[in-house]
Amino acid sequence: MIRRLLSVLHARNLEFLRDRSTLLFTLLLPVMLVIGLSFVFGGPERPLFKVGVLSARLDREAHPFLHERYVDFVALPQEAVALRKLTHQQVDLLVDLHAPVRYWVNTDSPKGYIVEKLLLADVPGAARQPVQGAALRYIDWLFPGILGMNMMFSCLFGVGYVVLRYRKSGFLKRLHATPLSAFEFLSAQVLSRLTLILVVTAILYGGIAAIIGFHNAGSVLLLVLLAVLGALSMIALGLTIAARFSSEELVGGLLNLLTWPMMVLSGIWFSLEGAPRWVQWAAHVFPLTHVLDGARAVMLDGAGLAQIAPNLLYLAVTALAFLAFGAWSFRWRIE
Amino acid sequence: MSAAILEVRELVKQYPATTAVAGVSFSVPEGSCFGLLGPNGAGKTTTIEIMEGILPPTTGEVRYRGEPLGQRFREEAGILFQKTALQDFLTVRQCLALFRGLYARGLEVEEVIRVCALDKLAARDTRKLSGGQQQRLLLAIALVNDPAVLFLDEPTTGLDPQARRNFWELVQSIKARRKTIILTTHYMEEAEVLCDEIAIMDRGRIIAQGAPQRLLHQHFAEVLLELPRQEFPAAARALPLNIIEASDKVEISTHDVEATLRTLLAAQVPLTHLRIRPANLEDLFLELTGTELRP
């Protein structure tokens, strides 16, 4: 069994490496995106203050300070999360408007200094608690998103279209005439793509770190674990789409149906913090959301295994579920 | 006669709109070459794919060495499909190594390359092979596990005459090694050259079965007189002769050539383009089905 699996694995790796256009595209696209976006978003910030309010929801009638103009108020129910955002200057000030009113200000933040004056004009006796921390660059926040997006496309389209092409060309039918089992074939495809994604992601991580540099406060090993489980989950998702169908249009449509919502809702480009709660909940259906939440928690906040365990568990469970469904519904030939 | 290596029992394959195989039974002796003949749509590819274990039958069964098809059959069968694409970006040698890796036992890759005369092509990308070379590679893949039984589904369709004859020589060398071969074809000459026994299929059933020469002797004690159709007058169709009409010719089956010629001359049928020949398998098919072979 191992020998058969290795034979298919080796042949698949050769096929990928010799398809230079795909290889080049896989490596170049993310680098160009990161460099391009770092220029686009590297300019001056909009003159807008962002204030976190310790509350489950925002009621503008609850306090006069919430009527201030040019201030974006964001409800943050968890104090620990809110303080982390303040430390990274993702909000300029944090207030608890329940009496007695208290606030936290990042003393390293110029915008925090100004918006503090606004608050004290409205609430002169508010209790001050200073924190410190450098601002997070957008590229630091974006970088896990770019790696995750590259991983998503490679997993879904790389595996989905390859299996579809094999089925349409009759290559799968030919393999079916050998002692190779569906499980062995699918395992070889998963392992081949997983190896490839890990190598490409490692090259991109190292390359972009050397070119631009980025912030990583956590463990690289945890990131590797996250990448392995995330890639497995998305490869298996690609296999479930390609397991049975023979129409390129249908498979292409289904893959687009998966990738576009993930592109928008998984938090590659922007945070869903201000989005309606149901949108945030729906986003957590996608494996990519868990990859990015976990990666940002590790890289930006130095989260450990315990903090990202729910993300890892979700990815592991979905990987197994998608693989089982893919193997069950797999068809060698066009029916 | 050797014991049967494959037994096909009452095979039926039904699809929603059609019955592709309608109750087919035969057995294949070990070491023989068995041919399934018939036009497209006759059911021969469906039959051979059920025999290969690729398609499940609706009813009936196929037994290999007395047992239902299983892992042993997959290890010991070599298959050349009518159409097969290979994995891109692999050379001939790498492609053979891939398939060799899927079997527990078999020939060394270099030996298969030598047997199938692929030495000069071993390092070539499989996408750059000609039709004949591609078929030789597909045959090599089918031989990589040193199979006891080899399935060849229309192996020479689309090949030029020279490539076809080269392929026949290759199959004959495999026959000489006592391999059992199951062959489907609609080239009658191919069946006459390669097969020890044939079954002619039409509309999902076997309509004749036996050794090619025996079948010809059974059905044709006569010779055939062949005339161009456009030179055969309509009135002559009423003559008391055994006339078989094809699309471009008229054939008259007879064992008294002189008497037949006299009848034709009396009816003023032009004989300038007359051809006299013994019957072949194509004639047998025409005789049995009343239609021409449909390639």
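The rules behind each value
- Residues numbered from 1 in each chain as written.
- Chains lettered and ligands numbered in written order.
- Predicted model: local features only at pLDDT ≥ 70, side-chain atom pairs only at ≥ 80, totals over all residues.
- Helix = DSSP H or I, 4+ residues; strand = E, 2+ residues; numbered from the N terminus.
- Buried ≥ 20, exposed ≤ 12 C-beta atoms within 10 Å, placed from the backbone.
- Contact = placed C-beta atoms within 7 Å.
- Domains from an automatic or database assignment.
- Core = buried A, V, L, I, M, F, W, Y, C linked by C-beta atoms within 7 Å.
- Nonpolar A, V, L, I, M, F, W, Y, C, P; charged D, E, K, R; others polar.
- Axes fitted to C-alpha atoms, helices over the stretch in contact; angles between N-to-C directions.
- Parallel < 35°, antiparallel > 145°, perpendicular 65-115°, else oblique.
- Pairing = 2+ DSSP bridges.
- pLDDT = per-residue confidence, 0-100.
- Right-handed = clockwise from strand over helix to strand, strands pointing away.

A separate point is the overall build of chain B. Of the regular secondary structure elements, chain B holds 10 helices and 14 strands. Projected onto its principal axes, the C-alpha positions of chain B cover 70 × 45 × 40 Å. Relative to its full complement of 295 residues, chain B shows a buried share of 39%. Long-range pairs, those at least 24 residues apart, make up 70% of the contacts in chain B between residues at least 6 apart in sequence.

Bringing the domain arrangement of chain B into the picture now. Here chain B is described as being made up of domain 1 (4-211) and domain 2 (221-278). A C-alpha centroid distance of 39 Å is found between domain 1 of chain B and domain 2 of chain B.

Judged by nonpolar contacts, the single largest core of 145 residues is most densely connected at Leu239 of chain A together with Leu96 and Ala140 of chain B. With near-sequence residues (within four places) excluded, Leu96 of chain B lies in contact with Val109, Val112, Ile113, Ala140, Ile141 and Val144 of chain B. Counting residues in each nonpolar core, the second largest holds 17 residues, with Phe73, Val91, Val95 and Leu119 of chain A among its members.

Another point: the interface of chain B and chain A. Contacts between chain B and chain A engage 21 residues on the former and 19 residues on the latter. Those elements that provide at least two residues to the side of chain B that touches chain A are α2 (71-76) and α3 (92-100) of chain B. Of the residues assigned to the side of chain B that touches chain A, the class counts are 11 nonpolar, 5 polar and 5 charged.

On to the environment of Met188 of chain B. Residue and element names in this part refer to chain B. Tracing the backbone through its elements, the reader meets Met188 in helix α7 (residues 188-194). Residue Met188 is classed as buried on the basis of its C-beta count, with 20 C-beta atoms lying within 10 Å. Here the alpha-carbon distance between Met188 and Val115, two residues 73 residues apart in the chain, equals 26 Å. Non-local contacts of Met188, meaning those with residues more than four positions away in its chain, are made with Asn280, Leu281 and Glu282.

Our focus in this paragraph is the environment of Leu315 of chain A. Residue and element names in this part refer to chain A. For Leu315, the position within the fold is in helix α12 (residues 305-329). Overall, Leu315 belongs to the buried group, with 26 C-beta atoms counted inside 10 Å. Expressed as a C-alpha distance, the spacing of Leu315 and Asp96, which sit 219 residues apart in the sequence, is 36 Å. Once residues lying within four places of it in the same chain are set aside, the contact partners of Leu315 are Leu229, Gly230, Ser233, Pro287, His290 and Val291.

Moving on, we get to the packing of helix α8 (residues 220-242) of chain A against helix α11 (residues 287-301) of chain A. All names here are of chain A. In the contact formed by α8 and α11, the axes pass within 9 Å of each other and the chain directions differ by 175 degrees. By the angle class used here, α8 and α11 are roughly antiparallel. Contact residues: α8 offers Leu222, Leu223, Leu226, Gly230, Ser233, Met234 and Leu237, while α11 offers Pro287, Leu288, Val291, Gly294, Ala295 and Val298. Classifying every residue of the contact of α8 with α11 gives 10 nonpolar, 3 polar and no charged.

Further remarks concern the sheet that holds strand β1 (residues 4-14) of chain B. Residue and element names in this part refer to chain B. If you walk across this open sheet you meet the 4 strands as β2-β1-β4-β5, and the pairing is antiparallel. Because the sheet does not close on itself, it has two edges, and the strands there are β2 (19-29) and β5 (67-68). Strand direction decides the pairing type here: β1 and β2, joined by 8 bridges, are antiparallel. Note that in β2 the partner of Val12 across the bridge is Ala22. Strands β1, β2 and β4 (59-64) of the sheet are contacted by helix α1 (residues 44-51), whose axis makes an angle of about 125 degrees with β1.

We now examine the sheet that holds strand β3 (residues 93-96) of chain A. The strands making up a sheet associate through hydrogen bonds between their backbones, and the pairing can be parallel or antiparallel. Residues and elements named next belong to chain A. Spatially, 5 strands are ordered β2-β1-β3-β4-β5 in an open sheet, and the strand pairing comes out mixed. Every interior strand has two partners, whereas the edge strands, β2 (71-75) and β5 (127-131), have only one. Going from strand to strand, the sheet's axes swing by 25 degrees on average, the running direction of each strand aside. For β3 and strand β4 (residues 102-106), the ladder comprises 4 bridges, and the chain directions are antiparallel. From the neighbouring strand, Val95 faces β4, where its bridge partner is Tyr103. Packed on one face of the sheet, helix α3 (residues 79-87) meets β1 (49-53), β3, β4 and β5 and runs near 35 degrees to β4. Its contacts with the sheet put helix α4 (residues 110-122) on β1, β2, β3 and β4, and the angle it makes with β3 is roughly 30 degrees.

Here the focus is the domain arrangement of chain A. Domain boundaries in chain A define domain 1 (2-40 + 137-329) and domain 2 (49-131). The distance between the C-alpha centroids of domain 1 of chain A and domain 2 of chain A comes to 38 Å.

Glancing now at the confidence of the model for chain A. Looking at chain A, the pLDDT average stands at 84 and 91% of residues meet or exceed 70. Summarising per-element confidence for chain A, the mean pLDDT is lowest in helix α2 (residues 20-40) of chain A (65) and highest in α8 of chain A (93).

A few words on unusual backbone geometry. Following Ala99 of chain A, the chain continues to Pro100 of chain A via a peptide bond in cis, the omega torsion being -5 degrees. Take Pro100 of chain A: it is sitting in the loop between β3 and β4. Positive phi, normally seen in glycine, also occurs at Tyr70 of chain A, with a value near 60 degrees. On the secondary structure map, Tyr70 of chain A appears in the loop between β1 and β2. Classification of Tyr70 of chain A by C-beta neighbours within 10 Å gives exposed; the count is 10. Even without a glycine there, the phi angle at Arg178 of chain B is positive, about 65 degrees. Relative to the elements of secondary structure, Arg178 of chain B occurs in the loop between α6 (161-175) and β8 (180-185).

Residue and element names in this part refer to chain A. When you tally the buried positions in β4, you get 4 out of 5 residues, the bulk of the element. Hairpin connection, β3 to β4: the antiparallel pair is bridged by 5 residues. One ladder, built from 5 bridges, connects β4 with β5; its direction is parallel. In the sheet register, Trp104 faces β5, and the bridge partner there is Gln129. Handedness of the β4-α4-β5 crossover: right-handed.

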